[in-house]
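# Remarks on the overall topology
Here is how the chains run, residue by residue.
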Amino acid sequence: MPQRGRGAVVRRAGRARVATGAPRTPSATQAVNTWLYRSCGAFGPAGVHDRATNRPLTVPAGRDRLADGCLIRENRGTHEPLLTDFPTGTATTRTATVLRTADQDDAQGPGLTLTGTTAVNRPTRRPPPGYRRLMDISAVVWDIDDTIFDYGAADRAGMREHLAAEGLLDGYESVEQALARWREVTDQQWLRFSAGETDWEGQRRERVRVFLGQPLTDTEADDWFQRYVAYYEAAWALFPDVLPVLDALAASHRHAVLSNSSLHVQDRKLRVLGVHHRFEAVLCAAELGVSKPAAEAFHAACDALGLPPHQVAYVGDHPEIDGRGAAEAGLLSVWIDRDGAHTATAVASTGPHRIASLAELPAVLGADTRFGVPSTFG
Ligand SMILES: [Mg+2]
């Protein structure tokens, strides 16, 4: 298990000792020429250190293959090579090559060849990027929290009431400061759960212990969390654009759910929200044993529907976990960016469609509905 700490991590590269600046011990390292690459798994962080200039560089999370001056990975959906260049000091990810149409009939299998610092893809029978016929999308798989369920609003309203009832607001300058700290701790523990560093109960208890700064017993942490949950659940609500789009797509598309939470929580949530009957399948990471952005999670949802990935769209609010993960798994990826909260995050190279409202989804799917207006966002 990776060790966590604030100090720079020191790694040996040959006989040299290099300070990478990584916030925790990398799970994988590679060295080519003067470049040293470190990765902390699918959720990152990841970085490259140039020993020639002693210059660190942040690169996309994941486990890429290091070449001389670039990182390379395979887009698992299109089987195109994705290059992240960094000699200029700014990591830029791009598709390395595009297949010629004539190459589609070549009998060679998919693969990747490195020639010096240039990646060359061997021809495959797969269609080129953009070839997908949108009308072929026959099912939509949905994320829940912050996609159809207004988790952020319910969390803030529930915690505001809970902290007031517990008499804890005096320890903060404002309600907003307390809520921001709770959300920060929640995000940290969610990442640990998603990375397999703790279980479902463990992340809940650690959220309480870290937030309060107290070494509570499991029972004490559980009791505190359950008092919060009572206020949180009282504030549950769908986003206002959810029911209209589910109605619009009810006849044209099948629907399922894939969440990184647990079935125990999400199944009940969908029932309380009154939309459980709208979905053929509900899949959650805690029971699957694999979390988004891993392709296996998205493929499990496709398998539950009996459809190949290229006939399934995935709609989620997180640009990496949902947007990039679904695109690399070969689904039609739709990133719902309601408030432009992740505008600064670079995801364009991996191809998710960005929408600001679910009212734009039918147009992205090519569905013939009363919405029917192409997206103009992003
Ligand atoms: Mg979400």
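Check the entry above for the structure.
Given the structure is predicted, the values throughout are model-derived calculations rather than measurements.

### What to know about the sheet that holds strand β18 (residues 353-355)
Within a sheet, adjacent strands bond to each other through the backbone by hydrogen bonds, running parallel or antiparallel. The 6 strands are arranged β15-β14-β13-β16-β17-β18 in an open sheet whose pairing can be described as parallel. At either margin of the open sheet sits one strand with a lone partner, and together these are β15 (281-284) and β18. Adjacent strand axes in the sheet meet at a mean angle of 25°, parallel and antiparallel pairs treated alike. Bridge count for strand β14 (residues 254-259) against β15 is 4 bridges, and the pairing is parallel. Bridge pairing links A256 to A281 in β15. Docked against the sheet, helix α8 (residues 295-305) engages β13 (139-142), β14, β15 and β16 (312-316), running at close to 150° with respect to β14.

### Some thoughts on the pairing of strand β17 (residues 332-336)
Of all 5 residues in β17, 5 are buried, a share of seventy percent or more. Residue alternation in β17 divides its side chains into two sets, L332, V334 and I336 and S333 and W335, and both sets are buried. Bridge count between β16 and β17: 4 bridges; the pairing is parallel. Opposite V315, over in β17, you have V334 as the bridge partner. Crossover handedness for the path β16 to helix α9 (residues 319-328) to β17: right-handed. Sheet analysis places β17 next to β18, joined by 3 bridges and oriented parallel.

### A closer look at helix α2 (residues 175-194)
Here α2 spans 28 Å end to end across 20 residues, near enough to the 28 Å set by a 1.5 Å rise per residue. Along α2, the residues classified as buried are A178, W182, Q189, F193 and S194. Here the buried residues of α2 occupy an arc of 135° about the axis, which is enough to place them on one side. In α2, those exposed residues whose orientation departs by more than 90 degrees from the buried face are E176, Q177, E184 and D187.

### Considering the pairing of β14
Sheet topology note: the β13/β14 ladder contains 4 bridges and is parallel. What sits directly across from V141, in β14, is A256. For the handedness criterion, the β-α-β arrangement of β14, helix α6 (residues 263-272) and β15 is classed as right-handed.

### Thoughts on helix α3 (residues 200-212)
Taking 1.5 Å per residue as the helical rise, α3 with its 13 residues ought to reach 18 Å, and the 19 Å between its terminal C-alpha atoms agrees with that figure. Listing the buried residues of α3 in full gives R204, R205, R207, V208 and F211. Axial view of α3: buried residues confined to an arc of 150°, hence all on one face. On its buried face, α3 is in contact with α2 and α4 (218-234). A positive backbone phi angle near 70° is found at G213, which sits one or two residues after α3.

Reading guide: rules and limits
Note that residues are indexed from 1 along each chain, following the sequence as it is written. Since the coordinates come from a predicted model, pLDDT governs what is reported: local features require at least 70, and pairs of side-chain atoms require 80 or more to be given and counted, while whole-chain, interface and lining totals use all residues. When DSSP finds two or more bridges between two strands, those strands count as paired. Helix and strand definitions here come from DSSP, where helices need a minimum of 4 consecutive H or I residues and strands a minimum of 2 consecutive E residues; each element is numbered from the N-terminal end. Angles here are taken between N-to-C directions and fall from 0 to 180 degrees, while the axes themselves are lines fitted to C-alpha atoms, restricted in helices to the stretch in contact. Here the contact rule is simple: place C-beta atoms from the backbone, and any two residues whose C-beta atoms are within 7 Å are in contact. Residues with at least 20 other C-beta atoms within 10 Å of their own are called buried, those with 12 or fewer are called exposed, and the rest are partly exposed. The C-beta atoms themselves are positioned from the backbone. Orient the strands so they point away from the viewer, and a crossover whose first-strand-to-second-strand path over the helix runs clockwise is right-handed. For a helix, the expected span equals 1.5 Å multiplied by the residue count minus one. The directions considered for the arc run from the helix axis to the C-beta atoms.

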